[in-house]
Each structure stands twice: as C-alpha cells, then as structure tokens.
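# Structural features, examined
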There are 2 protein chains.
Amino acid sequence: MIDQIEPRRRNSGMARDSNRGRLVEVLRRQGPLPRVELARSTGLSFPAVSGLTSRLIAEELLCESDTAATSWSDDPDEEDVNGRRRGRPAVLLTLNPEFGRIIAVSLRMNLIETLIADFSGSSLAQSRLEIATRALDTGALCDLVIAQIDAMLEATATPRHRLLGIGIALQGIVNADTGRHLWSPALSVTDIDLAKPVRQAFGAEVVMANDAVAVALGLCAAEPSLAQGLSATIMVGHGVGMGVVVDGEARWGAGASSEIGHIKLGSNGPQCRCGQRGCIEAHLADYALYRDARTFLDLPPAASQQPSEAQMALLRERARGGDPRLEHLFQQAGRALAEAVAATISVLRPHHMILAGPGLQAFDMMRHAYEERLEQAVLPWLLKSTAIYLRPSESAAIVEGMVRRTLRVVDRNHMEATE
Amino acid sequence: MIDQIEPRRRNSGMARDSNRGRLVEVLRRQGPLPRVELARSTGLSFPAVSGLTSRLIAEELLCESDTAATSWSDDPDEEDVNGRRRGRPAVLLTLNPEFGRIIAVSLRMNLIETLIADFSGSSLAQSRLEIATRALDTGALCDLVIAQIDAMLEATATPRHRLLGIGIALQGIVNADTGRHLWSPALSVTDIDLAKPVRQAFGAEVVMANDAVAVALGLCAAEPSLAQGLSATIMVGHGVGMGVVVDGEARWGAGASSEIGHIKLGSNGPQCRCGQRGCIEAHLADYALYRDARTFLDLPPAASQQPSEAQMALLRERARGGDPRLEHLFQQAGRALAEAVAATISVLRPHHMILAGPGLQAFDMMRHAYEERLEQAVLPWLLKSTAIYLRPSESAAIVEGMVRRTLRVVDRNHMEATE
DNA sequence: TCTCTTTAATTTATTAGGTGAAATTAATAA
DNA sequence: TTATTAATTTCACCTAATAAATTAAAGAGA
C-alpha cells in the first residue's frame, strides 16, 4: 500500500534525515495522513510520532486537517459505506498552508512564468509575461524577475516575511557548485548570478535549477513509480536537455542536468546554436527544424531565430500534409532523438527514461525512424531493462516541478534551523 | 589536514551510518589513527570514541597498533625530531588484520586472478591461472572459481569460518538488482548466477562487480582527490567499459557500470562482438584493432579472437615502426576514445574522468586524433570543468579495487549484524 | 629526583530522543 | 447505557550521545 520505509530509530538532530524531517517528507509526498499512518510509513513508534507532531504543530508547520471526510486508507474492507470505521476516528494532519509561501519562476525564450504557492504546494496565483528575453541585459533581467515576484506577492497579499523561498528554473546551463547561470539560449548575457540579487531583494532562499531537471522532478512527483530508482528525463523543445533524478531527488555529481543535446552525431553536421557542428540539438530542437524547413519552404521568419508555438504548429501541420522533404526532416529528428536515448541508456542505465517537452508533439512523425534507429543503437537487453515513457508535457510542468524542488529545500532549511 | 566530516551526533543503531560504522570507515580510509584523531574526523566526542572503540576492540574488530613509531599527524610543528611530542603518547588504533580474511577474484578473458587479503586489506597471497575461459560451461566455471578460492585458503592456512567475504570482478555485464552475470566476452555461457554457488560453497557474503567498477574503486581509494564528487573511469582493454563512483562509493541507479563501449559512432561501421555495428568498442578494443590490422598485415592469429598481451605489444611496436595503415587505425581508435569521453562528459558531467586499462599503452599514437576530436565533440566550458586523468593501470588494479569493495560490504554487514 | 606541563584517554553525571506497555479518548455497535 | 474498537497520549525506562572532571603517561625543568 504505502511504501514502508526502513525504520531509522533512535537518531535525531541532523536535519535531513532527522525523524522530524522524515515526517514532513512523508506528508509532503502522501498528502494528509493520520498519526497512525505516519508511524507506519516512517517506522517510528506512536509515541515518537505523537511527540514530534505536537511540536511541529506548535511551530505551526503542521495543522490538523478538518476535512475528515477524505479517506486515507486504500483498503475498502476497513471502511463502511460512509468511509467511517468503528473506534476513535483518525485526525488527519497536513502541512499547514499558512506556514508560508513560495514562488517559482520559469525563465524561457521570450517567456517568464511566475507562480506563487502556499506551503502545502497549492497554487495561489500565477502570471505569464511574454517579452523579448534576449534583448535584456543582466540588470534589466534581475529587475524584471524581482518585479514579477513582487507582483505575485502583492496579488496574494503576501507580506515579504512570509515568503519562504524562491525557485528559478532556467533553460540553459546552471553551475550547481557556484549557482551561477553560465549560458542560456533565452539570453544574450552569459555567466550571470541571478540568485544573489533576488536573495538580497527578498531575504529568502533562492533555488536555481535547469528546466529539464524541474520537469523531471515534477513528473516524478506526479507518478510515484518514477520516483524509484534512476530516472532520466529528456526535454525536447527550444533546446534538448536532460534532468536526472535518483529516488525522487535531484542529487547528482555536478548538477543533475546533462548536456545531452550537444552530443555529436557525426564529425560534420548542421550548425548548432552552441557554435559546434552535428549536435543532436541541431537536428531535433524546434529552432533547428524550423530553420531547416525554411531553406525549402515558404514560412514566416522566426523572431530572433526562435519559432513561436504557433509557428511550430504550422510546421507540423504542413508536414502532416505530406511534404516529403518535411517528412525527411522529422525522420532525421527521430533518429537524433534515438541517439540521445541510446547514449543515455548506455551511459546511465536508468530504470526510467522519460521523453518530455513540446517537441514531442511531432513524435508521430518521428516514431518510425526513432524506433528503427533505437533498435540498432542500444544493446537489446539494455533496452529491455529500461522503461521508456512519453510525456509531451505542457509548460506548466516546469513551474510545478520547481514548486516541489523549492519546497524541499525550504523544508530542509527549516529542519536544520530548528535543529 | 584530515578532512573534517560533518558530525552526525546522537544517532545510532542503523548500520551504515551508525557511528560505529563511521569509525571503521575512517580507519579503513586513513590507516592507523589515535582516538583523538578519530574523534576529530568523525565529529564525535572523546568519550563516545572511547566507548565505541573499546567495544570494537572487545569484538576484535580493532586492535591497538604497537607501531607507535609511525606518525599520524601531517603537521611537522607539533613534533620534535624523533616524531614524539610532550604529553601522553597517542595509542594508534588499526583494523585488526586477524579479524578475518577476504578473497578477491578477477575473471577475465583467458585469465583468472585470485587474491587473499586480511581484514586490514593487506595482501597475503595471490594466484594467476591462464585458461581458455570461453571453453568452460557454467558448472566448470563455478568449480574452477571455487577451487581457486580453496587453494588460496589452503595456501594461507585460513579456516573457512575466518573467510568474511568473496568479491568477484567480471569483465562484462552484471545485473546489480539480481546479481546475475548477463554476458561476458570472456565466457561463452550467458545469464549465469556465479554468486549463489560460491556463497553456498563457503557460506560467506559474495560481492559481484564489473571490472571497470573495481578499477574505478581501486583508483579512487589510491588517490583521495578522486574520491570527492563524481568520477567516471573508462577502461580500455579487451573491451571498453566504464565504472562510475560517487564520493568514493559505487552506488548507482542500476549497477555502477556503463555500457559506454556500445555507443554507436555512425549508423554503419565495423562489426562489434555484441552483434551490432559501429560500436565504440569495435574501433577501440584490442580485439578490434588486432582484427583490423590482420586484414592488411601479416600477424599471428589470435586465440579465440582475443589477442594476447604479447600480440598487442607486437602490434604497437609495428605501428610505432611507421606503417601508415596502422597509424590510421590508431587514429581511428583515438577518435573513438574521444567520442566515449565526450558522451560521458555530456551525459554525466563528472568532476573526474579517468582513462585506464592496458589499451592506453598505445595512447601516444591515439593522442593527436583524440585531442582533435574531443575539442570538436564537447562543449568547451564543459570540457574545462572536467579533469581528465590517464592511468594506464596494470591488471592488479582490478583485484585491488575488488578488495576495497568487498571489505566495505563486509564492514557493513558486521555493523548491521551487531546492531 | 621530584614536580610541572602537556596531551591522551576515561569516568561520571546529564540529556535528548527514542521504546513498549498501559491508560485515555472518541467514536460506532448492540 | 454499555461494550467494542481504534487513535492517541502518558508513563517508566533505555540507549547513546554530551560536557566536565579525572586519571594516565610522557617530556621539561628545578
């Protein structure tokens, strides 16, 4: 039923695997639960859970949920028709939504999405700003992000001291050690430190992440089966990125994100945005497909090399209309995707391989070439031991995932702060 | 000086991060240390260390080392010329070599190496058996391995109950979940369970690992700087494999080893042993180089497609003699190696990238093509953030690494067993 | 030689945070 | 109303840490 975590008795204090922290983690993952169930899933004794929760309630981190109607048990035998059983009814505990709020920002080519959520992870408000991001310099970008966050705080009447954390997902390359943002196709500036000014402006923890990592976390949070073992999520869209998640967490050597899009398919190939030639991205990303299609097709020019969603939809429509040159283009993209999957499986041997992002809306046209190449490019038994999923997720997955990631960091900080 | 590990106070019992376990781990890594130093590097208090060590000594896991002459401090200011300081002299503690013994076996193409070590990791005896491994069936293989282990026990007068663990490193593919050995170029049989019969024969824990992983662990143990962060070790020899080590441990999603050798360089290429075409291994492994060289050169045939060390030495000698066709072959191998490194860096973004194995004895001839291709194939800033090391290690590294790996498992089992 | 200083290790009292068993509480069923 | 049931809390105790004080073993100096 609910996964029985190995009990870790008689330890304490040390933050992330303190029993306090584990209670919060379980509640975060499995929603409102009564104390008995918390004891079962953490392996702690009832008295321990009782004591810990009463302290957490005193700190206002938890609260007793009055929606006693919702049932937490999966076993229908234990309930009568009203969802009520004999005996003292269980009191459901939840993360107290009023404990504080967090903000998630997704920064992409020509688009800044912002979302504010309460401590339980429910969205309170969100905004979407279309703007020519490549035209911004470092200062303007910071100001813009800060203004967006401010607008969200104001819209939900959130005083600044209630803001617990800010998560920023970026398309591009984030150095996990320094937190600096090295390069992004969405920006003309490079090697900027976005975290620091935002942290100074709000005095809240700022969490940076690659957008593929954010999507990967969002997907793993949504489907518990993906949160077990090693999962690799390839994001196909404006670029081709990858996020790696181990047991539902984005812990990794050097930053959880991979530059899979810049593996080369041959020593000579189409020009990639990165300056090198023959990158997987240069066959598969939307800008590459659109650019190549325009060499033989009459299509409207893309603003700053970046086709809009509408323009990509138009391209797909034309391809489905039966143009053999376009068909060939998408077949090429399918092969490039297969190579990305093959390299990932060969190097990482993940349990789960997830293909996500808007680029997969054209997967029907890539499928044949993709499957054909994949079979040639991966050892059969290796392919067999990896489950491949298609999730042509919409952009909301990024902020969703970023909310989860930010909350996890906020939880940890609080556990460390209160010893 | 000695790296200060974050103290993890007031927890216990739970095996692998119990404080007992951490003491053993520190001693395993840093050799004989006095109690004061143990307290410093674990962050525990003196009384805690005192109590824990006295219990470990009672269990005969530790002992007081009488080699008081050796100095454990790196700071020369704190010592006088004799290596002695004022005050009560420190009593060095060591892992008690007499606590038990372990055996490491390396199973490769036409070669079985076996080594027996005491609990402190010092080698006591070893053997080397050349035999046509591909001629063996499952039963004969098991019998052979068991006989080799028996011979080692006898040679060192080790009673069976003193054998704490057996580590077996195999060239090929090990399924970490089931422990079964799926495929190896050294064997004609597939999907065999070597661990079970050996475990039954000796009643000791059996640890299986890929040979590249064993080498990776051995290298990380030998050079502490490699044990920090994510390190990827590519082994070039009879095949091309990779081992991934995170913070000195071989923990990984699906088994710590990678099938990097079977990433494809193009959709059509030379035939690989695995049955597919264009694998990196088919350009880089010794059998491929030798096979291709024989198409235009008069060389003695290799026994069961596997050239001997002498034959490979001959090939290198001829190539250095200046045959342009051989030069081209090794350049091709250099490019294949560059692609392997490029794919690894792009996917994993490791802190350390180690190139190891006998195949690198020809690296001087591959170097130019390797460096040229590497620069084209990896994003420059990504290449810059990865340190690449050359370690054309000899075969001893495999058993060395396997000893470390086996001892770690044995330590853990003991910690769990004694609560 | 005897004492002082220094450093290592241990003893003692205390504390944090867990445990199991039993008591308490709040509901349904009879 | 009373029995039954299940969730939660109380109580007494236990383990493994800590801090402070003590003991141990050496060199240095009179």
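### So, the sheet that holds strand β5 (residues 111–118) of chain A
All names here are of chain A.
- Within the open sheet, the five strands sit side by side as β6-β5-β4-β7-β10. Their pairing is mixed. The open sheet has two edge strands, β6 (123–130) and β10 (205–210), and neither has a second partner. This sheet shows a mean twist of 15° between the axes of neighbouring strands, independent of strand direction.
- Where β5 meets β6, seven bridges bridge the pair, whose relative direction is antiparallel.

### Quick look at the confidence of the model for chain A
All names here are of chain A.
- Residues with a pLDDT of 70 or more make up 89% of chain A, whose mean pLDDT is 86.
- Between residues 1–16, whose pLDDT stays under 50, and residues either more than four places distant or in other chains, the model counts 51 contacts.
- In this model residues 78–82 is a low-confidence stretch, pLDDT under 50, and it forms six contacts with partners more than four residues away in sequence or in other chains.

### Comments concerning helix α6 (residues 211–222) of chain B
- End to end, α6(B) covers 17 Å across twelve residues, agreeing with the expected 16 Å (1.5 Å per residue, within 8%).
- For α6(B), a buried count of ten out of twelve residues is recorded, marking the element as mostly surrounded by other parts of the structure.

### Notes on the packing of helix α1 (residues 19–30) of chain B against helix α2 (residues 35–42) of chain B
All names here are of chain B.
- Look at α1 against α2: their axes get within 10 Å of each other, and the N-to-C directions meet at 110°. The orientation of α1 relative to α2 falls into the category roughly perpendicular. Taking contact as the criterion, the partners of R22, L23, V26 and L27 in α1 are, on α2, L38, S41 and T42.
- Split into classes, the residues belonging to the contact of α1 with α2 amount to four nonpolar, two polar and one charged.

### Some details on unusual backbone geometry
- Backbone geometry places E60(A), a non-glycine residue, at a positive phi of 65°.
- On the basis of relative accessibility, which here comes to 53%, the residue E60(A) falls in the exposed class.
- At N110(B), a position not held by glycine, the phi torsion is positive, near 60°.
- You can see N110(B) is positioned in the loop between β4 (101–108) and β5 (111–118).

### Thoughts on the packing of aromatic side chains
Residue and element names in this part refer to chain A.
- Counted by the stated rule, this structure contains four aromatic pairs over all chains.
- A ring pair is formed by F363 and Y370, whose centres lie 5.2 Å apart and whose planes are at 70°; its orientation type is edge-to-face. Each member of the pair, F363 as well as Y370, is classed as buried.
- A cation over an aromatic ring shows up here: R28 above the ring of F119, its NZ or CZ 4.6 Å from the ring centre.

### Notes on the sheet that holds strand β2 (residues 62–64) of chain A
Residue and element names in this part refer to chain A.
- With antiparallel pairing, three strands are arranged side by side in an open sheet as β1-β3-β2. On the outer flanks of this sheet lie β1 (33–34) and β2, each paired with one strand and no other.
- Of the pairings in the sheet, the one linking β2 to strand β3 (residues 92–95) comprises three bridges and is antiparallel in character. When the sheet's bridge partners are listed, E64 is paired in β3 with L93.
- In this fold helix α3 (residues 46–58) packs onto β2 and β3, with an angle of close to 100° to the strand it touches most, β2.

### As for empty space enclosed by the protein
Residue and element names in this part refer to chain B.
- All chains considered together, the criterion is met by two cavities of 30 Å³ or more.
- For the lining of the second largest cavity, the leading source of residues is helix α13 (residues 396–417), giving three residues.
- Per-class residue counts for the lining of the second largest cavity are two nonpolar, no polar and four charged.

### What about the side chain of T233(A)?
- With respect to the helices and strands, T233(A) occurs in strand β11 (residues 230–236).
- With sequence-adjacent residues up to four places away left out, T233(A) is seen in contact with V215(A), A216(A), L219(A), G241(A), M242(A), G243(A), I354(A) and A356(A).

### Here we look at helix α11 (residues 363–377) of chain A
Residues and elements named next belong to chain A.
- A369 marks where α11 bends most, by close to 35°.
- Turning to α11, its buried residues are F363, M365, M366, A369, Y370, R373, L374 and A377.
- Residues of α11 that are buried in the fold lie against α7 (281–284), α9 (309–320), α10 (324–348), β14 (352–356), α12 (380–384) and β15 (387–391).

### Describing the domain arrangement of chain A
Residue and element names in this part refer to chain A.
- As assigned here, chain A comprises domain 1 (15–95), domain 2 (100–216 + 397–417) and domain 3 (224–395).
- Counting from both sides, the interface comprises eleven residues of domain 1 and, opposite them, ten residues of domain 2.
- Of the roughly 1,000 Å² buried where domain 1 meets domain 2, counting both sides, 60% is carbon and sulfur surface.
- On inspection of domain 1 and its partner domain 2, the count reaches one salt bridge.
- For D411, the salt bridge is made with R28, and the minimal N-O distance between the two is 2.8 Å.
- Between domain 1 and domain 2 we count four residue pairs in polar contact (both at pLDDT 80 or more) in total.
- Each residue belonging to the side of domain 1 that touches domain 2 can be placed in one class, and the counts come to five nonpolar, one polar and five charged.

### Points about the pattern of salt bridges
All names here are of chain A.
- With the rule as written, the count across this model stands at 40 salt bridges over all chains.
- The salt bridge involving R180 is made with D191; its shortest N-O contact spans 2.9 Å. A residue pair is termed long-range when its members are at least 10 positions apart, and R180 in the loop between β8 (173–174) and β9 (181–183) and D191 in the loop between β9 and α5 (195–202) qualify at eleven residues.
- Several salt bridges converge on common partners, so that one network encompasses R108, E113, R128 and E130.

### Considering the packing of helix α1 (residues 19–30) of chain A against helix α13 (residues 396–417) of chain A
All names here are of chain A.
- Two elements in contact, α1 and α13, have axes separated by 10 Å at closest approach and are oriented at 160°. In terms of their interaxial angle, α1 and α13 are classed as roughly antiparallel. Between α1 and α13 lies a crossing of right-handed hand. Here R20, G21, V24, R28 and R29 of α1 come into contact with α13, specifically with R404, L407, D411, H414 and M415.
- Among the residues forming the contact of α1 with α13, the class breakdown is three nonpolar, two polar and five charged.

Criteria and cut-off values
- Residues numbered from 1 in each chain as written.
- Chains lettered and ligands numbered in written order.
- Predicted model: local features only at pLDDT ≥ 70, side-chain atom pairs only at ≥ 80, totals over all residues.
- Heavy atoms only, no water.
- Pairing = 2+ DSSP bridges.
- Helix = DSSP H or I, 4+ residues; strand = E, 2+ residues; numbered from the N terminus.
- Axes fitted to C-alpha atoms, helices over the stretch in contact; angles between N-to-C directions.
- pLDDT = per-residue confidence, 0-100.
- Contact = heavy atoms within 4.5 Å.
- Expected span 1.5 Å × (residues − 1).
- Buried < 20%, exposed > 50% of the residue type's maximum accessible area, 1.4 Å probe, protein only.
- Parallel < 35°, antiparallel > 145°, perpendicular 65-115°, else oblique.
- Nonpolar A, V, L, I, M, F, W, Y, C, P; charged D, E, K, R; others polar.
- Phe/Tyr/Trp six-rings, centres within 6.5 Å; stacked < 30°, edge-to-face > 60°.
- Lys NZ or Arg CZ within 6 Å of the ring centre and 35° of its normal.
- 1 Å grid on protein atoms, 1.4 Å probe; cavity = no way out; pocket = protein on both sides within 12 Å on 5 of 7 lines; lining within 4 Å.
- Points joined across faces, edges and corners; volume = space filled by probe spheres on them.
- Bend = angle between axes of the 7 residues up to and from the residue.
- Domains from an automatic or database assignment.
- Buried area = accessible area lost by both parts, 1.4 Å probe.
- Salt bridge = Lys/Arg side-chain N within 4 Å of Asp/Glu carboxyl O.
- Polar contact = N/O pair within 3.5 Å; in protein donor to acceptor, adjacent residues only side chain to side chain.
- Left-handed = near helix turned anticlockwise from the far one by under 90°.

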